[in-house]
Amino acid sequence: MNLCCKAAGLCHSVTMKSKYFQYYNKTLITYHYAYAKNMTANETKEQYKVKKQLTELNIVLVILCTIIILENLLVLLAVFRNKKFHSAMFFFIGNLAFSDLLAGSAYIANIFLSGPKTLELVPVQWFIREGTAFIALAASVFSLLAIAIERFIAITKVKVYGSTKTCRMFLLIGACWVTSILLGGLPILGWNCINNLPDCSTVLPLYSKQYILFVVSIFTLILLSIVILYVKIYLIVRSSRQEATNLQAYALFKTVTIVLGVFIICWLPAFTVLLLDSSCSMQLCPVLSNAHVFFGLATLNSALNPMIYVLRSKDMRREFLRVLCCWGVLQSGRPSERCLVQLKSSSSMEHCTNKFEHQTTPIMQTCTTCV
């Protein structure tokens with residue numbers, strides 16, 4: 001009895017056709033999920049029939065994703081409507097907010113297309129469901145890396161974002177999205193386990209284990225790169241004797257600790273589960289059956305990013321209040337025309353941003369607290 005028969009209870013002729021012809025096969029997902037769970041096709045169908053569309057955890061995640069969407073939309077509106085934020089630093093923050101907003105939207109869509117609706121999907125729909133979430137979450141992670149790169153360049157180079165070099169910023173943002181789309185789109189382009197059940201992931205039964213291992217490796221390299229960049233930034237600021245006082249160095253170290261700590265807390269469990277998935281079955285590693293919990297925790301990073309990268313700016317906080325005032329949320333008897341009053345810069349982030357955009361000397365000499 002071959003592996004298809006063992007998984008489904010009958011022979012399925014997927015190996016006789018090109019995998020691309022299987023993208024609209026309505027029964028293929030059932031067989032892949034049955035194989036992943038070591039069940040028959042009928043047992044798998046019965047199990048998914050009794051599943052709730054919205055469990056208690058899913059309701060919490062939907063609320064969390066709604067918060068993610070709203071707070072990152074607020075960031076985008078603040079950056080868009082205030083010309084004071086039309087600078088490199090805030091464009092990167094806006095890019096991060098946009099990727100996090102998409103992550104929240106994609107995860108909500110994933111929740112409503114999961115559970116009993118999973119087996120109703122055809123493979124191409126399943127790839128779009130999972131691929132969109134991968135693209136959005138990967139873009140969020142790559143945006144964190146882009147911010148780390150930008151901050152490192154800002155304190156080590158001269159006049160990085162002058163009027164003639166703005167293209168560097170857009171190239172970095174463009175590379176973030178091209179890489180994310182490519183990374184999330186590889187399975188639908190052909191790097192999947194259709195026609196090769198032994199290579200199938202347990203958590204994501206149409207994805208190849210090699211692809212899962214590849215994604216984990218990429219994200220691990222990103223984490224290490226962010227750590228290295230922030231360590232170098234900290235060492236540069238600490239070694240600067242002109243303006244980098246102990247207090248400023250400590251403030252920078254505190255910011256770096258928050259950034260890296262939240263990133264690791266949110267993503268490391270998901271990385272660990274995916275790493276186990278590439279080398280362990282559900283029978284030997286029961287934690288794989290709860291992988292959705294760890295993916296939900298990773299999504300939490302998209303809710304925390306605006307707090308870490310944006311809310312440290314007093315000007316951005318004031319712009320948030322102004323936007324909410326214009327929406328009628330926080331008017332408190334104030335005249336609506338006050339919502340349109342332009343800001344006067346007061347935050348260290350804004351001062352640092354204005355300084356390094358037209359700087360003629362290394363940033364580390366004049367602005368060491370903008371990270």
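Scoring rules and cut-offs
Residues numbered from 1 in each chain as written. Predicted model: local features only at pLDDT ≥ 70, side-chain atom pairs only at ≥ 80, totals over all residues. Heavy atoms only, no water. UniProt positions renumbered as here; feature names shortened; annotations may be inferred. Helix = DSSP H or I, 4+ residues; strand = E, 2+ residues; numbered from the N terminus. Salt bridge = Lys/Arg side-chain N within 4 Å of Asp/Glu carboxyl O. Buried < 20%, exposed > 50% of the residue type's maximum accessible area, 1.4 Å probe, protein only. Axes fitted to C-alpha atoms, helices over the stretch in contact; angles between N-to-C directions. Parallel < 35°, antiparallel > 145°, perpendicular 65-115°, else oblique. Left-handed = near helix turned anticlockwise from the far one by under 90°. Nonpolar A, V, L, I, M, F, W, Y, C, P; charged D, E, K, R; others polar. Phe/Tyr/Trp six-rings, centres within 6.5 Å; stacked < 30°, edge-to-face > 60°.

**Student:** What's the story with the UniProt feature "transmembrane region" (unreviewed entry) in the chain in this structure? I'm lost.
**Tutor:** Taking the UniProt record as the reference, the feature "transmembrane region" (unreviewed entry) is found at residues 59-80, 92-113, 133-149, 170-191, 211-237, 249-271 and 291-311. Within residues 92-113, the helical portion is 95% and the strand portion 0%, while the C-alpha atoms at the span's ends are 31 Å from each other. Segment residues 133-149 splits into 100% helix and 0% strand. End C-alpha atoms: 24 Å apart.

**Student:** Any chance you could explain the pattern of salt bridges here in plain terms?
**Tutor:** Here the idea is simple: oppositely charged side chains can pair when their charged atoms come close. In this structure the tally under the stated criterion is one salt bridge. Its salt-bridge partner being Glu130, residue Arg129 comes within 2.6 Å of it at the nearest N-O pair. Neither residue differs from the other here; Arg129 and Glu130 are each classed as buried.

**Student:** When you look at the packing of helix H5 (residues 88-112) against helix H6 (residues 123-156) in this model, what are you seeing that I'm missing?
**Tutor:** Helix-helix packing is characterised by the crossing angle of the two axes and by the distance between the axes. Taken N-terminus to C-terminus, the directions of H5 and H6 make an angle of 160°; their axes are 8 Å apart at the nearest point. With respect to H6, the element H5 is oriented roughly antiparallel. As for how H5 packs across H6, the hand of that crossing is left-handed. For the contact of H5 with H6, a count of residues per class yields 13 nonpolar, six polar and five charged.

**Student:** In this structure, what is going on with the packing of aromatic side chains? I would like to understand it.
**Tutor:** Any pair of aromatic rings gets described here by the distance separating the centres and the angle formed by the planes. In total, this model carries 16 aromatic pairs according to the counting rule given. Consider the rings of Phe134 and Tyr211, whose centres lie 6.2 Å apart with planes at 35°: the pair is tilted. Of this pair, Phe134 sits in helix H6 while Tyr211 sits in helix H8 (residues 209-239), placing them 77 residues apart in sequence. This pair shows no difference in class: Phe134 is buried, exactly as Tyr211 is. Cluster of aromatic residues (ring-pair linked, three or more members): Tyr20, Tyr23, Trp126, Phe127, Phe134, Trp191, Tyr207, Tyr211 and Phe214.

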